[in-house]
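Residue-level structural notes
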Amino acid sequence: EFSFVKIGDEFHIMATELVKSVMDACHIENYEIVGEPVPGTEFELMRYNHVYLPKEGWVILGDHVTLESGSGCVHTAGGHGVDDFNVCQKYPQVPITVPVDDGGYLTELAGKYAGQRVWAANKTILADLTAAGAVMGQLHIKHQYPHCWRCHNPIIFRATEQWFCSIAKFREDVYKAIDTVTWMPDWGHDRMHGMVRDRNDWCISRQRTWGVPIPAFYCKKCGAYHITDATIKAVSDLFRKEGSDAWYKYDAEQIIPAGEVCEKCGASEWTKDTDIMDVWFDSGSTHAAVLEERPELRFPADMYMEGGDQFRGWFQSSLLTSVASKGCAPYKSVLCHGWVVDEQGKQMHKSAGNGVEPSEIIKDYGADIIRLWVASSDYTVDVRAGKNIFKQLSEAYRKIRNTARFILGNLDGFDPNTDCVADDQLQDIDRWALAALDDLIVNTNAGYAVYDFNKVYHAVYNFCVVAMSNFYLDVTKDRLYCTNGTGRKAAQTAMYKILVALDKIIAPILCFTSQEIWDFLPKTEAMNKYVVFEDMPKAGQYAADDAFKAKWAQLIAVRDEVKKVLEQARADKQIGASLEASVTLYCNDAVYDLLNSIPMDELADLMIVSHVELVKGEGGAASAVEGLGVAAAHATGDKCERCWKYSADIGTHAAHPTLCARCAAVVEG
């Protein structure tokens, strides 16, 4: 609402809510509000006389004018500001005038002020307003204003003629194209949809002295632009032959085909457009310039990959140009990633000294650590990097490497062509290990399929540490170190299959380590020299049924309960190493049948103790496994010098008085 304010013999119109602040700012105490307030719409399209220039103006309505300061009435210059330009677009009778040249000087359109710099002219204009008696008061306001990021000087806004692409004309087609793309992460779909929804026009021209020129000609006589199929082909042929710099090398008449005439006035003298294409239009056209120009490539691309800022950049410009020209998206999928920041989450800058130099990391830890760092990170958000992070990751890398190293050490002398045993000769725990491998293959294949390397990393790490090092490889040490029969070859067979598959899985990430492992692996004729030429392992070859998995889940649970009792026995000084123990398991019928399905020597190996005894009934320490009680004592008999198990048959072989019967037979063999 606006009020009429009487000051002396003059009437002033201003926003009702700003009357007091205006009077206070102008130090006016004697004033009177006359009549009732009226809505601003009452003044729309009224004409007014300029206070000292011979011209008239229009009163228009703008939502950008606020009640935070001023009088509610503002001078509007459609050629000098986004808000002013937008509001003037609603009023075709209000001309868009730009009386400022490229250097920031006022032109002849500014009349008496021509030749003055914009900022200097402010003082001259204010002096003229004051002389005309048109200044009620002055108030200096500090507010945020855009500045050049290079020279840090304030920006001068000017409305200039530009080339536009109207998104509204094919927006629905763009929406349909967005739906055909696989977005990674999923939120990329909605983000791109929102970007396109909020965009009406794309200004594709820029005023720069470098870049790819806009291939438009202008009539020297009437100034009309001239673009035809013939001129486009002429420019295209020239650029293909000499590059886009040819635009600046030749005059307009040397480029435009002979016989072209202005459609507006019939003249045939030309000038060239001095604007360049928006660089996003350049990069957004690569699907045509690259994919369709190179025979080894195909359209659409399998994937576009870039940072999150490209939803308003390359991702979007490529989508718009492709839909406009071909009716479809230029890519089948889009993968978006975050940025690398320091350990505190701050952006890296040379001036801040918080950058991480890859060469320094490679020198200390090797190149595979950097690749593992990328794979272990959630790249959909900002990724932290720092020496402490790489140090921690080097420990994880060592776990994976040492798992492979242990297996390789125990494959010494193993020939996969002749030494692999049949599946029916594997022990139950070997089948469990291969089933765990199958689960790993399922999880890692799923992770690789959607570029979720973080999932692959965690699956591999847990497999190496939990399934292998802490369980399977630990349990099979006795078989590997102390026997030389089918049982040892069964463990070697399982480990060989595991390492071959594991090495293929880690090859895309740990490329140097995987090849190092591959070089030491004994091979069959069907295997390539380089692991990267192998196919990824397929799931299903070693899969186990649910009953087998449930059985081993319960066996592992029993083992965990035994380990707790052994820890207590160790704390009570009853035993030292776990092989000094003898364990009695008190079972109900179900648990007894479960444990009795495993040979006692294999069950003892599973618990890593010298003896296991099964007893039906209650007894021992209660456990988390229903129907199971556990008791531990020091094993009877003597300690075998070779396998460290306690046995009653030490020295039964005269030639080996310090060995158990099994070890003596192995040594003799």
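Within each chain, residue numbers correspond to sequence positions counted from 1 in written order. Whole-chain, interface and lining totals are the exception, using all residues; otherwise, since this is a predicted model, local features are given only for residues with pLDDT of at least 70 and side-chain atom pairs are given and counted only at 80 or more. Side-chain descriptors were evaluated using all non-hydrogen atoms of the structure, hydrogens and water having been removed beforehand.

**Structural notes on the overall build of the chain**
Scanning the chain from terminus to terminus reveals 23 helices and 23 strands. Radius of gyration here is computed from C-alpha atoms only, and the compact-globule reference equals 2.2 Å multiplied by the residue count raised to the power 0.38. Against the 2.2 N^0.38 benchmark of 26 Å for 669 residues, the chain shows a C-alpha radius of gyration of 41 Å, more extended than a compact globule. Its C-alpha atoms give the chain principal-axis dimensions of roughly 130 × 75 × 45 Å. We call a residue buried when its accessible area falls under 20% of the maximum for its residue type, exposed when it is over 50%, and partly exposed in between, using a 1.4 Å probe and counting protein chains only. Going through the 669 residues of the chain one by one, you find that 39% of them count as buried. Only DSSP runs of H or I reaching four residues or more are called helices, and only runs of E reaching two or more are called strands; each is numbered from the N terminus.

**Structural notes on the packing of aromatic side chains**
Between rings of Phe, Tyr and Trp, where Trp is taken as its six-membered ring, a pair exists when centres lie within 6.5 Å; planes separated by under 30 degrees are stacked, by over 60 edge-to-face, and by other angles tilted. Inspection of every chain in the model, using the stated rule, returns 23 aromatic pairs. Ring plane angle 80 degrees and centroid distance 6.4 Å describe the contact between W119 and Y145, whose orientation is recorded as edge-to-face. Here Y145 lies in the loop between α3 (118–131) and β6 (164–166) and W119 lies in helix α3, a separation of 26 residues in the sequence. What makes W119 partly exposed here is its relative accessible area of 38%. Ring geometry for Y145 versus F157: centroids 6.4 Å apart, planes at 90 degrees, classification edge-to-face. In this pair, Y145 sits in the loop between α3 and β6 while F157 sits in the loop between α3 and β6, placing the two residues 12 residues apart along the sequence. For F157, a relative accessible area of 31% translates into the label partly exposed. Among the aromatic residues, those joined into a ring-pair cluster are W183, W187, Y304, F311, W314, F315 and Y331. Charge-over-ring placement is defined geometrically: NZ (Lys) or CZ (Arg) within 6 Å of the ring centre, and within 35 degrees of the ring normal. The ring of W247 has K272 lying over it, and the distance from NZ or CZ to the ring centre is 5.9 Å.

**Regarding empty space enclosed by the protein**
A 1.4 Å probe that fits but cannot get out identifies a cavity on a 1 Å grid over protein atoms alone, an open set with protein on both sides within 12 Å along at least five of seven lines counts as a pocket, and a residue lines either if it has an atom within 4 Å of a point. Grid points are joined across faces, edges and corners, and a volume is the space filled by probe spheres set on the points. Applying the stated rule across the entire model yields 2 cavities of 30 Å³ or more. In this structure, the largest cavity encloses a volume near 110 Å³. If you go around the largest cavity, the residues you meet are Q427, D428, I429, V475, T476, R479, W552, I598, E602, D605 and L606. Those elements that place two or more of their residues in the lining of the largest cavity are α15 (428–449) and α22 (600–607). If you tally residues by element for the lining of the largest cavity, the top one is α22, at 3 residues. In this classification, Asp, Glu, Lys and Arg are treated as charged, Ala, Val, Leu, Ile, Met, Phe, Trp, Tyr, Cys and Pro as nonpolar, and every other residue, Gly included, as polar. Here the lining of the largest cavity is built from residues that sort into 5 nonpolar, 2 polar and 4 charged.

**Some points on the nonpolar core**
Grouped burial of nonpolar side chains is what soluble globular proteins tend to show. Ranked by internal contacts, the top residues of the largest apolar core, which has 95 residues, are Y472, L585 and L595. Contacts are assigned to residue pairs that have any heavy atoms within 4.5 Å of one another. Every residue in contact with Y472, bar those within four places of it in the chain, is listed here: I429, D430, W432, A433, A467, R479, A491, A494, M495 and I498. Judged by nonpolar contacts, the second largest core, of 30 residues, contains I178, A301, Y304 and F311. What is meant by a nonpolar core is a set of buried Ala, Val, Leu, Ile, Met, Phe, Trp, Tyr and Cys residues, joined one to another through side-chain atoms within 4.5 Å.

**Observations regarding the sheet that holds strand β2 (residues 10–15)**
One open sheet accounts for 3 strands, arranged β2-β1-β3; its pairing is antiparallel. What marks the edges here is a single partner per strand, and that holds for β2 and β3 (32–38). If you compare each strand with its neighbour and ignore which way they point, the axes differ by 25 degrees on average. Whether two strands pair comes down to DSSP finding at least two bridges between them. Inspection of the sheet shows strand β1 (residues 2–7) paired to β2 by 6 bridges, in the antiparallel sense. All axes are obtained by fitting lines to C-alpha atoms, using only the stretch in contact for helices, and the reported angles, taken between N-to-C directions, cover 0 to 180 degrees.

**Quick notes on the layout of surface pockets**
Considering only enclosed or pocket space, the second largest pocket measures out at about 2200 Å³ in volume. Around the second largest pocket, the lining comprises 48 residues; the ones closest to its centre are R158, T160, Q162, Q207 and R208. Elements that contribute at least two residues to the lining of the second largest pocket include exactly α2 (82–88), β8 (201–203) and β9 (205–206). Looking at the lining of the second largest pocket, the element that brings in the most residues is α2, giving 3 residues. When grouped by side-chain class, the residues that make up the lining of the second largest pocket number 20 nonpolar, 16 polar and 12 charged.

**Points about the side chain of S318**
Secondary-structure assignment places S318 in helix α11 (residues 314–326). You can call S318 buried: its relative accessible area is 0%. The definition of a polar contact used here is a pair of N or O atoms within 3.5 Å, where within protein one atom must be able to donate a hydrogen and the other to accept one, and adjacent residues in sequence count solely through side-chain atom pairs. One polar contact links the side chain of S318 to the main-chain carbonyl oxygen of W314, over a distance of 2.8 Å.

**A closer look at unusual backbone geometry**
P185 follows M184 through a cis peptide bond whose omega is 0 degrees. Mapped onto the elements of the fold, P185 is located in the loop between β7 (182–184) and α5 (187–197). A cis geometry characterises the amide bond from F299 onward to P300, with omega recorded as -5 degrees. With respect to the secondary-structure elements, P300 resides in the loop between α10 (286–291) and β14 (301–307). Residue K573 is not a glycine yet carries a positive backbone phi of 65 degrees. With respect to the helices and strands, K573 occurs in the loop between α20 (546–571) and β18 (581–587). A relative accessible area of 73% means that K573 is categorised as exposed.

**Considering the pattern of salt bridges**
By salt bridge we mean one thing: a side-chain nitrogen of Lys or Arg within 4 Å of a carboxyl oxygen of Asp or Glu. Under the counting rule described, the total for this entry stands at 29 salt bridges. Across the salt bridge formed by R570 and E567, the nearest N and O atoms sit 2.7 Å from each other. Of this pair, R570 and E567 both sit in helix α20, 3 residues apart, which is roughly one turn of that helix. Judged by its relative accessible area of 28%, R570 falls in the partly exposed class. Here D589 and K616 are joined by a salt bridge, their closest N and O atoms 3.8 Å apart. Of this pair, D589 sits in helix α21 (residues 589–596) while K616 is found in strand β19 (residues 611–616), placing the two residues 27 residues apart along the sequence. Salt bridges sharing partners connect three or more residues here, namely D478, D605, K645 and R662.

**Remarks on the sheet that holds strand β20 (residues 621–622)**
Strands sit in the order β19-β18-β21-β20 across an open sheet of 4 strands; the sheet is mixed. Two strands in the sheet have a free side with no partner beyond their single neighbour: β19 and β20. Its contacts with the sheet put α20 on β18, β20 and β21 (628–634), and the angle it makes with β21 is roughly 40 degrees.

**Re the pairing of β1**
Here β1 runs beside β3; their pairing, made up of 4 bridges, is antiparallel. Within β3, the position partnered with F2 by the bridge is V38.

**Things to note about the state of the cysteines**
The disulfide definition used here is simple: a pair of cysteine sulfur atoms within 2.5 Å. Under the criterion given, the structure shown has 0 disulfides. The cysteine C265 is free of any disulfide, with C219 supplying the nearest cysteine sulfur at 3.5 Å.

**So, the environment of G576**
Note on placement: G576 falls in the loop between α20 and β18. Here the alpha-carbon distance between G576 and K538, two residues 38 residues apart in the chain, equals 44 Å.

**A word on the side chain of T493**
Here T493 is to be found in helix α18 (residues 486–506). For T493, a relative accessible area of 0% puts it in the buried group. Residues within four places of T493 in sequence aside, it is in contact with F414, D419, C420, V421 and L426.

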